[in-house]
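# Summary of structural features
Each chain is listed here by its residues.
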Amino acid sequence: MVRIAMHGLFAWLLAAWPQGAEAPILNPGFEARGAAESWEVVTYGARAEVVVDGQMVKEGRQSLRISAATPSDSALGQELSLRGGGWYRLAGWVRTQALDPLGSPTFGTLQVQRPGGQGLIAAGPNHGGDTDWTEITLIFQAPPDGRVRIAPFLVGFGKGTGTAWFDGLTLGPVDPAQAPVRVTREPLVAGPISPLQYGQFVEYLCDLVPSMWSEKLHDGSFEGLSPYRVAYLKETDFREHPWYPAGATNRADFTSDPVGPISGSVARKIAVGPGAPCRVGIAQDGIALVRDGACHVSFYLRQEGIPGPVRVRLHREGATYASCEFRPTNAWARYRARLVPTETDTNTTLTVDFRGPGTLWLDSASLLPEDSVKGWRSDVVAAVRALKPGVIRFGGSALDDPNLGRFEWKDTLGDPDRRPPFRAWGGLQPTGPGLEEFVQFCRAVDAEPLLCVRVNDRTPRDAAEEVQYFNGGADTPMGALRRRNGHPEPYGIKYWQVGNERRGADYERALPAFCQAMKQVDPTIVLLSSYPTPGVLDETATWIDFVSPHHYSCRDLAATEGDLAATRRLIRERAHGRPIRVAVTEWNTTAGDWGPRRAMLWTLENALACARYHNLLHRHSDLVTIANRSNLINSFCSGILQVDNHRLYRTPTYFAQQLYATRAGRTALKLESTLPAQIAPDLSATLSANGDEVILFAVNDGPDVVTRPLDLSAFGRSGQELDVWTLADRDASGEPDVTNSFADPERVSARRSRFEAASPRFAYRFPPFSLSVLTWKVEKDKD
């Protein structure tokens, strides 16, 4: 890499410029004697020639020419200080000759970046080959600190050859209030907006699935708890409650017995030798109970030499809320009772004990509330059903990465008491919520399940058997197993993904056989690949219906839209004419940032970034049918639902996604304005399925009120009262990082109001840090 330092005068000016003041572009027309005066030249690979050119000029006396005869990654950069949150227009002229990017994603264009090139704010279209002078215009919002980098590119993020000229750069502020937006009747794209764009994602990740499941006991298989491999705040993150010895512990031996367990590799053994009578057992704390909220307790038990009953109690500090007794024999058997607590308590202890001497073995312990929905928490089911997610994907790293989990789909079938437990990201997973229960959860919340099958260390036959288990008739081998497990009718699962986050030659070679085997079992299924690559389409374009990128930097909308454009181009070039679509099977503003910074995921700022991503999906609804936000619940701040052992609250992003899923129309409408649709605020206009409403989504993620003139005269000639939903901070603190909590669960939530528009042309004030949803009733044509 070659870096030519910034001109000394410019470096001094930038350092001395007052914070928040606006610094102009220096040498914007490249009229200075030195070609790169006031600019920094950055080159990777072969050094490009950077000179002034007095022959090829758009305006003034000369232009800037960057040329490379051998592959080079070259650009100029100049860092400026603008008004934080302000809107700006950058314009400039580019011309190219024999510019070959050699596969690089950026060439012959302008970009606005974060300082040091650490993130993209706005990007112009690429220009390759031979092109005449073309003007590039970028409208962008300065970040809160106002610091940006202006970058003319020969070739970027790869290496290419050829020549590009740049001339006449200008930068100035933009006032959105002077740019009316006209909503037209013309569809923006050919495809409808699918309700599957508002999908969610579930995976085995530490306490994600356990937090949805209504089981009140941890480690019911007595395998022993283990630390999570990731954390938000390790000092305060949720941890499961372990079993511990209780009673006269000095007179008993507590061991894990590997001989003949019911579930997993061991059972818990408590042995009390001869001597003085004593009561001994095991206990677990942290159990939440509701008065009169019946629960079903069950254990597998066997004993030797115990003279009396085994007692189970729910209690705290001397008060017993419910209890029962079992009389096990010397053979394993399941014992079950209904317990009805007499009080409400969020930190109850469950104790299982007996009076010795004697030996007791325990396995497959469970305490399930009676109001659970097929084992799932009823409050979670209600919240997800109200969200209307359309589709929920099961997948994740624990599925296909043996370093993060040992998931075997067949092990999750059948009697939950006899399923082997496994760990995912370090967290011990309960045996109750298996793959079939996940499908039942989707049915309970009116969502389509999307199942991801394992490819790593598996064969096409295994994937075909999974399809047959869920979709085959009861007369097929796997359908018969499903019938024996209590569900004779096929589930009829439509969407199947082959592999989680897979790419490379091995995956591409294996994919056709997996697709063929799965389609042979059920030709009606819809198949999704993993990541989109040329090899995936070359090998399986005749089999797959979707390619599936993951977008974990969706706050960077320009880069994300660039990825969609690249995927669209890949499909056009490699799909052999088949109408392959895109399913973004995981997305969020980050996939990591473990530690305190991960708190960004449950903020208002995240909700607005996710809302802007939904607007982007609307604009590409002809390409993107499915999108699954990661994750649904808990997950160290990323879940749109957060729960503890008895409470639930919705994060700001939940309310944003709910507005899109419940309010958005089916057709994206074209907008006309002198500013792009995603500018001040980010807009998406949709038409309802029956054509009687226009629903406008507006995201203002800046700190100031934005006033924008709106024109809906294409849908009526008279004024009317609009229905308005606004997602914003109730306390109007002006802070993007505000969030909800158990103590204040609706500080950021969607609130309904009315707005009186005197005519179809009106100005609307969009509050800072807000998502606004305006509904206009379409005026019926009069005969």
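This text gives an overview of the structure that appears in the document. Along every chain, residues carry numbers that run from 1 in the direction the sequence is written. The predicted nature of this model means local features are confined to residues of pLDDT at least 70 and side-chain atom pairs, given and counted, to a pLDDT of 80 or more, with totals for whole chains, interfaces and linings taken over all residues. The basis for the side-chain values is all heavy atoms of the structure; hydrogens and waters are excluded.

### Concerning the overall build of the protein chain
- Each helix is a run of DSSP H or I of at least 4 residues and each strand a run of E of at least 2, with the numbering of both proceeding from the N terminus. Along the backbone of the protein chain there are 12 helices and 41 strands.
- Just to be clear, the radius of gyration here is over C-alpha atoms, and the globule rule we use is 2.2 Å times residues to the power 0.38. By the compact-globule yardstick of 28 Å for 783 residues, the protein chain fits well, its C-alpha radius of gyration being 31 Å.
- Projected onto its principal axes, the C-alpha coordinates of the protein chain cover approximately 105 × 65 × 60 Å.
- When contacts within the protein chain are restricted to residue pairs at least 6 apart in sequence, those whose partners lie at least 24 apart make up 77%.
- Using a 1.4 Å probe, the Shrake-Rupley method yields the accessible areas, and only the shown protein chains count as cover for residues. Accessible surface computed for the protein chain: about 31100 Å², of which carbon and sulfur atoms make up 49%. Contacts between residues were defined by any pair of non-hydrogen atoms, one from each residue, lying within 4.5 Å.

### Thoughts on the packing of helix H6 (residues 460-471) against helix H7 (residues 477-484)
- Fitted lines through C-alpha atoms give the axes, limited to the stretch in contact for helices. The angle between two N-to-C directions lies from 0 to 180 degrees. Remark: H6 packs on H7, axes separated minimally by 7 Å, with the N-to-C direction vectors making an angle of 50 degrees. Between H6 and H7, the interaxial angle falls into the category oblique. Classified by chirality, the crossing of H7 by H6 is right-handed. Contacts between H6 and H7 pair Glu465, Gln468, Tyr469, Phe470 and Asn471 from the former with Pro477, Met478, Gly479, Leu481 and Arg482 from the latter.
- Each residue is assigned to one of three groups, with Ala, Val, Leu, Ile, Met, Phe, Trp, Tyr, Cys and Pro labelled nonpolar, Asp, Glu, Lys and Arg labelled charged, and all others, Gly among them, labelled polar. Split by residue class, the contact of H6 with H7 holds five nonpolar, three polar and two charged. Should an angle fall under 35 degrees it is taken as roughly parallel, and over 145 as roughly antiparallel, whereas 65 to 115 is taken as roughly perpendicular and any remaining angle as oblique. Working rule for handedness: look at the near helix, and if it is turned counterclockwise from the far one by less than a right angle, call the crossing left-handed; if clockwise, right-handed.

### Some points on the packing of helix H5 (residues 435-444) against H6
- Where H5 meets H6, the closest approach of the two axes is 12 Å, and the angle between their N-to-C directions is 50 degrees. Taken together, H5 and H6 sit at an angle that is classed as oblique. As H5 packs across H6, the resulting crossing turns out to be right-handed. Facing H5, whose interface residues are Leu435, Glu436 and Val439, H6 presents Glu466, Tyr469 and Phe470.
- A class-by-class count of the residues in the contact of H5 with H6 yields four nonpolar, no polar and two charged.

### Details of the packing of aromatic side chains
- Aromatic contacts are taken between Phe, Tyr and Trp rings whose centres are within 6.5 Å, Trp giving its six-membered ring; a plane angle under 30 degrees counts as stacked, one over 60 as edge-to-face, and the others as tilted. Evaluation of the coordinates by the stated rule reveals 29 aromatic pairs.
- Considering the side-chain rings of Trp376 and Phe441, the 5.1 Å spacing of their centres and the 55 degrees angle between planes classify their relative orientation as tilted. Of this pair, Trp376 sits in the loop between strand S21 (358-369) and helix H3 (378-387) while Phe441 sits in helix H5; the two residues are 65 residues apart in sequence, bridging distant segments of the chain. In this structure, Trp376 and Phe441 share a single accessibility class: buried.
- Between the aromatic rings of Tyr649 and Phe742, the centroid separation amounts to 4.9 Å while the plane-to-plane angle is 90 degrees, which identifies the pairing as edge-to-face. Placement of Tyr649 in strand S33 (residues 648-650) and of Phe742 in the loop between strand S38 (720-729) and strand S39 (748-757) is noted, with a sequence separation of 93 residues between them. For the exposure calls, accessible area comes from a 1.4 Å probe over protein chains only, and a residue counts as buried if that area is under 20% of its type's maximum, exposed if over 50%, partly exposed in between.

### Quick notes on the sheet that holds strand S12 (residues 244-247)
- Strand pairing is assigned whenever DSSP detects at least two bridges linking the two strands. Sheet architecture is open: five strands sit in the order S12-S15-S20-S17-S18, paired in antiparallel fashion. The sheet is open, and its two borders are formed by S12 and strand S18 (319-326), each paired with just one other strand. Strand-to-strand twist across the sheet, computed as the mean angle between neighbouring axes with direction ignored, equals 30 degrees.
- In this structure, strand S17 (residues 310-316) lies alongside S18, joined through seven bridges in antiparallel fashion. Bridge pairing in S18 places Arg316 opposite Ala319.

### Quick word on the nonpolar core
- In this text, buried Ala, Val, Leu, Ile, Met, Phe, Trp, Tyr and Cys residues form a nonpolar core when linked through side-chain atoms within 4.5 Å. With 114 residues, the main nonpolar core has Phe441, Trp496, Val498 and Leu771 as its most contacted residues.
- Element by element, the count of residues in this core is highest for helix H11 (residues 604-619), at eight residues.
- Apart from the residues within four sequence positions on either side, Phe441 is in contact with Met212, Trp376, Val380, Val381, Val384, Ile392 and Leu632.
- Counting 34 residues, the second largest nonpolar core, distinct from the first, contains Ile270, Val297, Val312 and Ala365.

### Things to note about the sheet that holds strand S36 (residues 693-700)
- Strand order in the open sheet formed by nine strands is S39-S38-S41-S36-S35-S34-S10-S37-S40, and the pairing between neighbours is mixed. The open sheet terminates on both sides in strands that have one partner only, identified here as S39 and strand S40 (761-766). Adjacent strand axes in the sheet meet at a mean angle of 30 degrees, parallel and antiparallel pairs treated alike.
- Bridge count for S38 against strand S41 (residues 770-777) is five bridges, and the pairing is antiparallel. From the neighbouring strand, Trp725 faces S41, where its bridge partner is Val773.
- Its contacts with the sheet put H11 on strand S34 (667-672), strand S35 (682-687), S36, S38, S39 and S41, and the angle it makes with S35 is roughly 50 degrees.
- Along the sheet, helix H12 (residues 652-663) makes contact with S36, S38, S39 and S41, crossing S38 at roughly 155 degrees.

### Section: the pattern of salt bridges
- The salt bridge definition used is simple: a Lys or Arg side-chain nitrogen within 4 Å of an Asp or Glu carboxyl oxygen. The tally for this structure, following the rule as stated, stands at 43 salt bridges.
- Between Arg83 and Asp704 there is a salt bridge, with the nearest N and O atoms lying 3.5 Å from each other. In this pair, Arg83 is assigned in the loop between strand S4 (63-81) and strand S5 (87-100) and Asp704 in the loop between S36 and strand S37 (706-711), connecting sequence segments 621 residues apart.
- Between Arg279 and Asp353 there is a salt bridge whose closest N-O contact spans 3.0 Å. Separated by 74 residues along the polypeptide, Arg279 in strand S15 (residues 278-289) and Asp353 in strand S20 (residues 345-356) bring together distant segments of the chain.
- On the basis of relative accessible area, Arg279 is assigned to the partly exposed category, the value being 27%.
- Linked by salt bridges that have partners in common, Asp729, Arg730, Asp731, Asp744 and Arg747 make up one network.

### As for H11
- With 16 residues, H11 should reach 22 Å at 1.5 Å per residue; the first-to-last C-alpha distance of 23 Å fits that figure.
- Most of H11 sits inside the fold, with 15 of its 16 residues counted as buried. A helix is expected to span 1.5 Å multiplied by its residue count minus one.

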